[in-house]
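# Structure at a glance
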Amino acid sequence: MSEEFTPVSHLGEFGLIDRIRDRLGEAAPEGDLLCAIGDDAAVYRVSEETAHVITADALIEGVHFERTFMPWGYLGRKAIAVNVSDVAAMNAEARYAVVTMGLPRNVSVQMVDALYDGIRAGCERYGIHLVGGDTTAAPQMTLSITVVGEAPLDRIVYRRGARPGDLLCVTGDVGAAYAGLQVLIEQQRAMRELGDAYAPDLEPYRTVIARQLTPAARTDVIEDWKRRRVRPRALIDVSDGVASEVHHLCRASACGAVVNGAALPISPETRAVAFERMDDADTFALFGGEDYELLFALDPDDADRLSPEQYTVIGRFTGRDEGIMLHTADGGTFPLDAAGFSHFDSESDPGQPSMEQ
Ligand code: ADP
Ligand code: MG
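Reference entry: report on the structure contained in this document. (Residues numbered from 1 in each chain as written. Chains lettered and ligands numbered in written order. Predicted model: local features only at pLDDT ≥ 70, side-chain atom pairs only at ≥ 80, totals over all residues. Heavy atoms only, no water.)

### Description of helix α8 (residues 268-276)
- Taken as a whole, α8 has its buried residues at Thr270, Val273 and Ala274. Projected onto a plane normal to the axis of α8, the buried residues spread over an arc of 95° and lie on a single side. In α8, the exposed positions angled more than 90 degrees off the buried face are occupied by Pro268 and Phe275.
- As for α8, its buried residues are in contact with α4 (176-194), α5 (206-213) and α9 (281-287). (Buried < 20%, exposed > 50% of the residue type's maximum accessible area, 1.4 Å probe, protein only. Helix = DSSP H or I, 4+ residues; strand = E, 2+ residues; numbered from the N terminus. Arc of directions from axis to C-beta. Contact = heavy atoms within 4.5 Å.)

### Some thoughts on the pairing of strand β9 (residues 255-260)
- Along β9, five of the six residues are buried, which leaves the element largely enclosed by surrounding structure.
- The sheet contact formed by β9 and strand β11 (residues 311-319) spans five bridges and is antiparallel. If you follow cysteine 255 over to β11, its bridge partner there is glycine 319.
- Two elements, β9 and strand β12 (residues 324-327), share four bridges in a ladder whose sense is parallel. Counted as the bridge partner of asparagine 260 is histidine 327 from β12. (Pairing = 2+ DSSP bridges.)

### What about the pattern of salt bridges?
- Enumeration over the complete set of coordinates arrives at 24 salt bridges.
- Across the pair arginine 277 and glutamate 186 runs a salt bridge whose closest N-O atoms are separated by 2.6 Å. Here the residue arginine 277 occupies a position in the loop between α8 and α9, and glutamate 186 occupies one in helix α4, the gap between them amounting to 91 residues.
- Taking relative accessible area as the criterion, arginine 277 reaches 22% and is therefore assigned partly exposed. (Salt bridge = Lys/Arg side-chain N within 4 Å of Asp/Glu carboxyl O.)

### Observations regarding the site of ligand 1
- For ligand 1, the set of nearby residues contains twelve residues, the closest of which are Ile17, Gly38, Asp39, Asp40 and Asp86.
- Within the backbone of glycine 38, one N or O atom sits 2.8 Å away from an oxygen atom of ligand 1.
- Between ligand 1 and aspartate 40 there is a distance of 2.9 Å, counted from an oxygen atom to a side-chain nitrogen or oxygen.
- For ligand 1, whose free accessible area comes to 550 Å², the fraction covered by protein is 68%.
- Examining the composition of the shell around ligand 1, we find that three residues originate from one element, helix α1 (residues 12-24), more than from any other.
- Its residues placed into classes, the shell around ligand 1 shows four nonpolar, three polar and five charged. (Near = heavy atom within 4 Å. Polar contact = N/O pair within 3.5 Å; in protein donor to acceptor, adjacent residues only side chain to side chain. Areas by Shrake-Rupley, 256 points an atom, 1.4 Å probe, with all protein chains shown as cover. Nonpolar A, V, L, I, M, F, W, Y, C, P; charged D, E, K, R; others polar.)

### Description of the coordination of the magnesium ion (ligand 2)
- Distances from the magnesium ion (ligand 2) to its protein donors, Asp40 (OD), Asp86 (OD) and Asp237 (OD), fall at 2.0 to 2.1 Å.
- The sequence motif formed by the donor residues of the magnesium ion (ligand 2) is D-x45-D-x150-D. With aspartate 86 in helix α2 (residues 72-88) and aspartate 237 in strand β8 (residues 234-237), this residue pair connects regions lying 151 residues apart in the sequence. Considered together, aspartate 86 and aspartate 237 belong to a single accessibility category, that of buried residues. (Donors = N, O, S within 2.8 Å, 3.2 Å for Na, K, Ca; no water.)

### Examining the nonpolar core
- Judged by nonpolar contacts, the single largest core of 78 residues is most densely connected at Val43, Ile156, Val246, Leu295 and Phe317.
- Setting aside its immediate chain neighbours within four residues, leucine 295 contacts Leu168, Cys169, Val170, Ala234, Leu235, Ile236, Val238, Val242, Glu245, Val246, Leu249 and Ile314.
- Counting residues in each nonpolar core, the second largest holds 16 residues, with Ala89, Val221, Val230 and Ala303 among its members. (Core = buried A, V, L, I, M, F, W, Y, C linked by side-chain atoms within 4.5 Å.)

### Details of the packing of α4 against α5
- It is the contact of α4 with α5, at a shortest axis distance of 7 Å, that shows an interaxial angle of 100°. Viewed along their axes, α4 and α5 adopt a mutual orientation that is roughly perpendicular. Contacts from Ala176, Ala177, Ala179, Gly180, Leu181, Val183 and Leu184 in α4 reach Val208, Ile209, Arg211, Gln212 and Leu213 in α5.
- Looking at the contact of α4 with α5 residue by residue, the class counts come to nine nonpolar, two polar and one charged. (Axes fitted to C-alpha atoms, helices over the stretch in contact; angles between N-to-C directions. Parallel < 35°, antiparallel > 145°, perpendicular 65-115°, else oblique.)

### Regarding the sheet that holds β9
- Pairing is mixed across the open sheet formed by seven strands, whose spatial order is β8-β10-β7-β11-β9-β12-β13. Each edge of the open sheet carries a strand with a single partner, namely β8 and β13 (333-335). Averaged over all pairs of adjacent strands, the angle between their axes in this sheet comes to 25°, without regard to strand direction.
- On the sheet, helix α6 (residues 219-228) packs against β7 (167-171), β8 and β10 (294-298) and is oriented at approximately 25° with respect to β10.

### Details of a nonpolar patch on the surface
- Together, Ile17, Ile20, Leu24 and Ile37 give the surface a local cluster of nonpolar side chains, amounting to about 300 Å² of exposed area.
- Secondary-structure assignment places isoleucine 20 in helix α1.
- Looking at isoleucine 20, the relative accessible area reads 41%, which means it is partly exposed. (Patch = residues over 30% accessible without salt bridge, like charges linked within 9 Å, V, L, I, M, F, W, Y side chains within 5 Å.)

Below, the structure written as C-alpha cells:
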C-alpha cells in the first residue's frame, strides 16, 4: 500500500463506484450474468425464461436517519421498502431478504423488537420472506439489507434502454420526502431549543413526514404494468433525486434529455413546505431524493396503454449531443446539474441526516 491518501470526497460516491467497478475488472456481464455493477440491482439468468435480481442498501444512524425522529418500527419498514424499490426498479418482484444489523450499546432488546416488528410489516406488505442475516456490535446503529427478486427474462428493464424520442416519465409525485426531512430537522432543532415548551403542530405536515419516514416501494405500478403488458424501455427508482436519476438513465442509455420543470408532479403539501421556507419546490423535486417513485423511458406508442393518473410525462429523451437540459417555467433552458445527494462529496455534510440510498 502506498503512502498516498486521496480523500474519497475527491471522487464522490459515483466516482468511487466507477473506480471499484474498474478494479474488480470482472463486472462485464457474460454467461448467465446479465447485468453487474451499474444498475439498481444485478441480474443473472437462472433458467431459459427466468432471471433473478440482487441488491443491497444500508441505513446508517447519523447518515440516513436520526433516532430522535425515526421510530424503530418505521426504520425497519423503510429498510425493507428501499430495497424492494431497487428490485421494482428492474421491473422485478422481490422474494427474499437477509438483514445485517450493527448494534451500538445504547440499543435495547425492546428497540430491536420494535425494529423487527417494522421489518416484518415491510416483508408482509411486499410479500417477501426474511431468511437470515448477521448481528454484530457497531459504533452506531447500522442496518444493511440484501434482497433477491425474480422476473421473467423478457420483463427485466435496465437503466440502459432509453432512446431519443422516448417520453421521460415519473410515477406519483416528487419532492415530498425532502420536504418531510426539512420539517423533521426543524422540529428536532426546536425540541432541543425549547425543551418542555416544545408544542408542535405537525398536522399540516403529516403527509410529507410520512413520505420521509415510511416511503413505499411502487410495486403496485410494477403489477399494473404487468397486467397492461406495458414494459418501459428504461427504468430507475428515485432515491437520489430526479435530476441525478435522469443523469443515470441518460448515461446508461447514451442519450440526452430535456426535463420540463413546469411538468414536475409536486403535491400541494410539498409546495406549502417549500413556500413557507422561501424555498423552491422544483428544487425539492429535482434534487431532494428518497421519493422511491419510478422514473422511466416510455415508447410514445405505449402512452395510451397506461393509466394517466399513475404517471406524469416530465420531458423526453434526446440525442446524447443535446445534453441533459432543464426547461424552466419562465421559459429558460439550462443544463441540468446531476447534483442530488451523493455521499462523500465535499459539500455533503455527513453529520446531517441526508436523503440518499
Ligand atoms: P441505488 O441508488 O439504486 O441503490 P447505488 O447508486 O447505490 O444504486 O449503486 C449503483 C451501483 O453500484 C449498483 O449496481 C450497486 O450494486 C453498485 N455498488 C454500490 N456500492 C458498491 C460497492 N461498494 N461495491 C460494489 N458495487 C457497488
Ligand atoms: Mg435505485
